[in-house]
Amino acid sequence: MEHPFINTQEGSVIDFKRILYRSLRYWYLIIGSVSLSLTIAFLFNRYTIPVYEVNASIIIRESQEMTEGQMVYNNALVNPSRNYFNELYVLRSIPLIKRVVEDNNFNARIFRQGKILTLDAYKYLPIEVNVLDKDINSVQFTLKIVGENQYTLKKDDVDRKALFGDTISLEGKKIVLTKQSGLSLQGKIGEEYLLEIHNSLSAARSYAGRLDASWAELGASVVNLKIKGENTAREIDFLEAIISEYSDYDLERKNQAATKSIEFIGNQLQSIRDSLRFFELQLQKFKDKNIVTDLNGEALRVFQKIENLEASKTTLLVNKNYYKYLEDYTNNNTTLDQVIVPSSVGITDGVLTKLVSDMMNLQLELRLFLSTERGQNPIVVDKQKRLAALKNDIIGSVKTLQQTDKIKLDQIEKQINDAEKQLAYLPVAERQLIGIQRNYGLLENLFVYLMQKKSEAEISKASNASAIMVVNPPLASGPISPKRSQNYSIALMIGLALPFGIFILLELLNSRVQSKEDVEKITRIPLIGGVGHNKYGSNLIAHKKPKSTVAEAFRALRSNINYFTGYDDHKIILVTSSISGEGKTFTTINLATVLAMSGKKTLIIGADMRRPKLFDDFELPNTLGLSSALSGLISFEEAIQKTQVDNLFLLSSGPVPPNPSELLLKPTVFSTFNKLREEYDFVIIDSPPVALITDAFVLAKFADHTLYVVRQNFTPKETLKIIQDYHQDGRIKNISIVLNDIYKSGPGYGYGYGYGYGYGYGYYEKKNENYYED
C-alpha cells in the first residue's frame with residue numbers, strides 16, 4: 001500500500017501514519033491536553049462576568065406629519081428642517097449622554113465583592129447614590145451597611161458614619177445615599193461593598209463607546225439602539241433615560257426658535273405700548289377741547305391714504321429692526337444661541353430664510369462638539385469656517401434687503417409728504433386731529449401686527465410635540481459573553497490540536513531515518529532487511545541468544561543476501577555505514593555468526609584499522625592483525641585467530657598503523673583477498689564509515705556485495721542521499737541497506753517488529769543504552 005505523506009520541503013515530509021501511531025502510543029498526553037483545555041474553559045466560563053445585550057427601537061416621525069399648530073399656521077416655527085443623517089450622532093453625543101449620566105447618577109456604582117468576582121450591585125441594594133459634585137474625580141470608597149438607616153464610608157484612614165438621606169462630605173466630595181422607601185436591608189447589614197464614583201464626562205464617554213445606534217434598514221426612520229453591559233437592569237434604565245432625554249431634546253430644539261421669537265416680539269411690544277398710551281391720551285384730550293371730532297370727506301380721504309402708507313412703513317420698520325438684530329447677532333454673538341428666524345417677524349425672503357436655517361443647524365452641531373472637544377479638532381475647525389462663511393453670506397443678504405427696503409421707505413415717505421401738503425388746505429383743527437390720529441394709528445397697527453405674530457409663535461410652541469416615539473422598549477437578551485458552548489468547542493479543538501501539533505512539529509524537525517519508508521523515499525538502493533533493538537548488552541547476541549528475535553532477523557538477512565549474491569560460496573561481504581555508531585560492527589559480528597552456525601567457514605576482517613574494536617567482543621588479543629600482515633611483519637595465516645564460535649575466524653585490525661589507507665593500496669592486497677575468498681566460504685569485512693574515510697571505496701572493489709547499515713532514529717536522512725550519489729556514479733556497486741536497531745514499531749515505522757518477516761517485536765521495552773559499537 002502507498003505510504004501517505006505530504007512533502008513540505010525537500011527532505012522534509014509529514015508521515016500521517018507515524019503521527020497517528022504516535023498519538024495512539026501517547027494517548028494519555030492527548031487526554032491530559034484535552035482535560036486541561038476543558039478545565040480552563042470551565043473556569044473561564046465559571047468566573048467570567050457575563051455580558052448582556054439590551055436592545056430598543058425608536059421611530060423618528062416624518063416632518064410631513066402635521067400637528068394642530070401647523071393646521072392653524074404652517075410656518076418655520078412648527079416645521080423646522082431635520083437632517084436625519086445627524087440623528088444617530090446626536091443620540092450618541094457626549095453632552096446628551098452626560099445629562100443622562102448626571103440626572104440618573106450613572107457615574108456612581110456599587111459593587112459586591114466576592115472571593116473571585118466583583119459584581120455590579122445595581123438594583124441588588126435598595127440604595128441610590130446622588131453625587132452633588134458633578135466634576136468629581138474618580139474615587140473609591142468602602143461602603144458598609146451597619147443598620148436599616150445607617151452606613152459607613154471609608155477611604156484610607158478616613159471613616160465616616162452617616163444616616164441614609166444625609167449629605168456627607170468625604171475628601172471634599174459631597175454625596176447623598178438614599179434608601180428606597182418600603183424596602184428593607186435585612187440580610188445585607190454588616191456586609192461591605194465597593195462604591196465607585198467617576199467623573200461624569202468620563203462616564204459619559206464610556207457609555208457613548210458602548211452605545212450602538214443604527215438605522216433598522218435603508219430608508220426607514222426607525223433607529224435600533226443597543227448597549228452591552230454586565231447588569232441588565234442598569235443598561236435598561238440607561239436606554240430608557242437616553243430615549244427620554246433625546247425626546248426632550250428634540251422638543252427643546254423645536255421650541256427654541258419660537259421662544260426666542262416670543263421674547264423678541266415681547267420687547268418690541270413693551271416699547272410700543274407706552275407710546276400708544278401717550279397718543280391715545282392726546283387724542284382724548286383733543287376731542288374734549290374741540291368741537292371737531294370727526295373728519296369731513298376730503299380730510300378723511302387724505303387721512304386714510306396716509307394711514308395706508310403708514311401701515312406699509314410700519315412693516316418696513318419692523319423689518320429694519322430685525323435686520324439690525326440679525327447684523328448684531330452675526331457680528332457679535334459667540335455663544336451659538338438660537339437665532340430668531342425671519343418668518344417669525346413676517347420676512348418671507350427665501351434666500352435669507354435658507355441661510356438662517358443652515359446657520360441654526362450648523363450652530364447646533366457645533367454646540368454638540370464644543371461641549372466635549374477642545375483644541376484644534378479638524379471637524380470643529382471645518383464647521384467654524386463654514387459658520388463664518390454663512391454669517392458673511394447672511395450679512396450680504398441683509399444689506400441687499402436693507403437697500404431694497406430703503407428704496408421702498410423713501411418712496412413711502414415721499415408719498416406721505418405729498419399727502420401732508422394736501423393737509424395744509426384743511427382747517428387747523430382738522431389738521432391737528434389728523435396728526436394725532438395718524439400717530440395713534442401707526443402705533444396701533446404696529447402693536448396689532450406684533451401681537452398677531454406673538455400669538456402665532458405661542459400657538460406654534462404650544463402645539464409642538466416630540467417626533468420621537470418608542471417602538472420597542474428596552475429588553476435584555478441572554479448573555480452574549482462568555483459563549484459557553486463555543487468556549488468548550490474551542491477548548492476541545494485546542495486540546496486536540498496542541499499534542500497533534502507537537503507530534504507534527506517533531507515529525508518535521510526529525511531529520512533521522514525512522515522507517516523503511518523513509519529509506520525508500522530518499523534512495524533507490526534496495527532494503528535487504530531489518531534488525532531489532534539489542535537489549536542484551538552484548539554484540540554476540542546471535543551466539544549467546546540464538547533463539548532471540550534479533551538472531552532470527554540475522555538469519556533472515558543471511559537468506560536475503562543469497563538473492564543478491566547467489567547461493568554459491570566463497571563470497572566477500574563488505575559492511576559499512578555513513579557515520580560511527582550505526583551498528584556496522586554489530587551487524588558484521590552477528591551476520592558472520594549465523595553464517596558460521598550454518599556450517600559455513602567464515603572469516604571476519606576488521607578493516608577499520610584506525611579504531612580497532614572487534615577483538616574486544618571475542619575477548620581476543622589485537623597485538624597482531626591486518627595491519628601487521630599488510631606491513632609484511634607476519635603472514636595472513638599467522639594473523640588469523642580462532643573465535644569461540646565454531647567455523648568463525650577473526651582477522652582483527654591489529655595495531656594502529658600510521659598509514660592505513662596506503663596499506664590497503666598495496667599491490668598484494670588484491671591477491672591476498674582472492675586467496676582468502678578461496679580459503680573461506682564467506683569473508684565479512686568490517687570497514688570504516690564511508691562518509692568519513694575513503695577506505696570503504698578501496699575495499700568495495702574486492703566485495704561481491706556491500707551492506708550499508710542505517711540505524712533507526714540515528715542515521716541522518718542526508719547521508720542516504722550521499723550513498724545514493726555514490727551508488728549512481730559507480731563508486732559503490734552491488735549495495736543494499738540494512739535498517740538496524742528497530743525499537744519503534746507500528747504504522748509509519750515499516751517493520752512491525754518482525755522486521756517484515758513475521759517475528760513480532762512489539763513487546764520490547766523502552767530503548768536501553770546504546771550497545772552498537774563501530
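Let me sum up the structure you'll find in this document. (Residues numbered from 1 in each chain as written. Predicted model: local features only at pLDDT ≥ 70, side-chain atom pairs only at ≥ 80, totals over all residues. Heavy atoms only, no water.)

## Quick look at the overall build of the chain
Check the secondary structure of the chain and you find 23 helices and 23 strands. Per-residue burial over the chain gives 48% buried out of 774 residues. Sequence-distant contacts in the chain: of pairs separated by 6 or more residues, those separated by 24 or more amount to 77%. A total of about 37,900 Å² of accessible surface is found on the chain, and carbon and sulfur atoms cover 53% of it. (Helix = DSSP H or I, 4+ residues; strand = E, 2+ residues; numbered from the N terminus. Buried < 20%, exposed > 50% of the residue type's maximum accessible area, 1.4 Å probe, protein only. Contact = heavy atoms within 4.5 Å. Areas by Shrake-Rupley, 256 points an atom, 1.4 Å probe, with all protein chains shown as cover.)

## Description of the pairing of strand S10 (residues 167-170)
Residues Ile168 and Leu170 of S10 are buried on one face, while the alternating residues Thr167 and Ser169, pointing to the opposite face, are not. Looking at chain direction, S10 and strand S11 (residues 173-179) are connected through four bridges and run antiparallel. Note that in S11 the partner of Ser169 across the bridge is Lys174. (Pairing = 2+ DSSP bridges.)

## Remarks on the packing of aromatic side chains
On inspection of all chains with the given rule, the structure shows 16 aromatic pairs. Pairing Tyr151 with Phe164 gives two aromatic rings, centres 5.0 Å apart and planes at 35 degrees, and the pair type is tilted. One end of the pair, Tyr151, is in strand S8 (residues 150-155); the other, Phe164, is in the loop between strand S9 (158-163) and S10, with 13 residues separating them in the sequence. Each member of the pair, Tyr151 as well as Phe164, carries the same accessibility label: buried. An aromatic cluster is present here, built from Tyr26, Trp27, Tyr28, Phe500 and Phe503 joined pairwise through their rings. Taking NZ or CZ as reference, Lys601 lies 5.7 Å from the ring centre of Phe649, over its face. (Phe/Tyr/Trp six-rings, centres within 6.5 Å; stacked < 30°, edge-to-face > 60°. Lys NZ or Arg CZ within 6 Å of the ring centre and 35° of its normal.)

## Some points on unusual backbone geometry
Backbone geometry follows two general trends: most residues other than glycine have a negative phi, and most peptide bonds adopt the trans configuration. Cis rather than trans, the peptide bond between Ser481 and Pro482 has omega equal to 0 degrees. Its place among the elements puts Pro482 in the loop between strand S15 (468-481) and helix H12 (484-509). With a phi angle near 60 degrees, His570 is a residue other than glycine that sits in the positive phi range. Along the chain, His570 turns up in the loop between helix H15 (549-565) and strand S17 (571-577). Positive phi is not limited to glycine here, since Asn734 has a value of about 50 degrees.

## Some points on the layout of surface pockets
In this structure, the second largest pocket spans a volume of roughly 430 Å³. As for the second largest pocket, its lining consists of 21 residues, of which Asn104, Tyr122, Ile127, Glu128 and Val129 are closest to the centre. Listed by contribution, the elements that provide at least two residues to the lining of the second largest pocket are helix H5 (94-104), strand S4 (108-113), strand S6 (127-131), S11 and helix H7 (232-289). Here the element with the most residues in the lining of the second largest pocket is S6; it accounts for four residues. Counted by class, the lining of the second largest pocket contains nine nonpolar, five polar and seven charged residues. (1 Å grid on protein atoms, 1.4 Å probe; cavity = no way out; pocket = protein on both sides within 12 Å on 5 of 7 lines; lining within 4 Å. Points joined across faces, edges and corners; volume = space filled by probe spheres on them. Nonpolar A, V, L, I, M, F, W, Y, C, P; charged D, E, K, R; others polar.)

## Looking at helix H6 (residues 200-210)
Of all the residues in H6, the buried ones are Ser200, Ala203, Ala204, Tyr207 and Ala208. Across the axial projection of H6, the buried residues extend over an arc of 140 degrees, all falling on one side. With a side-chain oxygen positioned 2.8 Å from the backbone nitrogen of Leu201, the residue opening H6 is Asn199. (Arc of directions from axis to C-beta. Polar contact = N/O pair within 3.5 Å; in protein donor to acceptor, adjacent residues only side chain to side chain.)

## Re a nonpolar patch on the surface
Together, Ile490, Met493, Ile494, Leu498, Ile502 and Leu506 make up a nonpolar patch on the protein surface, roughly 550 Å² of accessible area in all. One can find Ile490 in helix H12. When its relative accessible area of 35% is taken as the criterion, Ile490 is described as partly exposed. (Patch = residues over 30% accessible without salt bridge, like charges linked within 9 Å, V, L, I, M, F, W, Y side chains within 5 Å. Salt bridge = Lys/Arg side-chain N within 4 Å of Asp/Glu carboxyl O.)

## Observations regarding the sheet that holds S6
An order of S6-S11-S10 is seen for the three strands of this open sheet, with the pairing classed as antiparallel. Across the chains shown, the open sheet's two edge strands, defined by having one partner strand only, are S6 and S10. Each strand axis lies, on average, 30 degrees off the axis of its neighbour in the sheet, ignoring direction. (Axes fitted to C-alpha atoms, helices over the stretch in contact; angles between N-to-C directions.)

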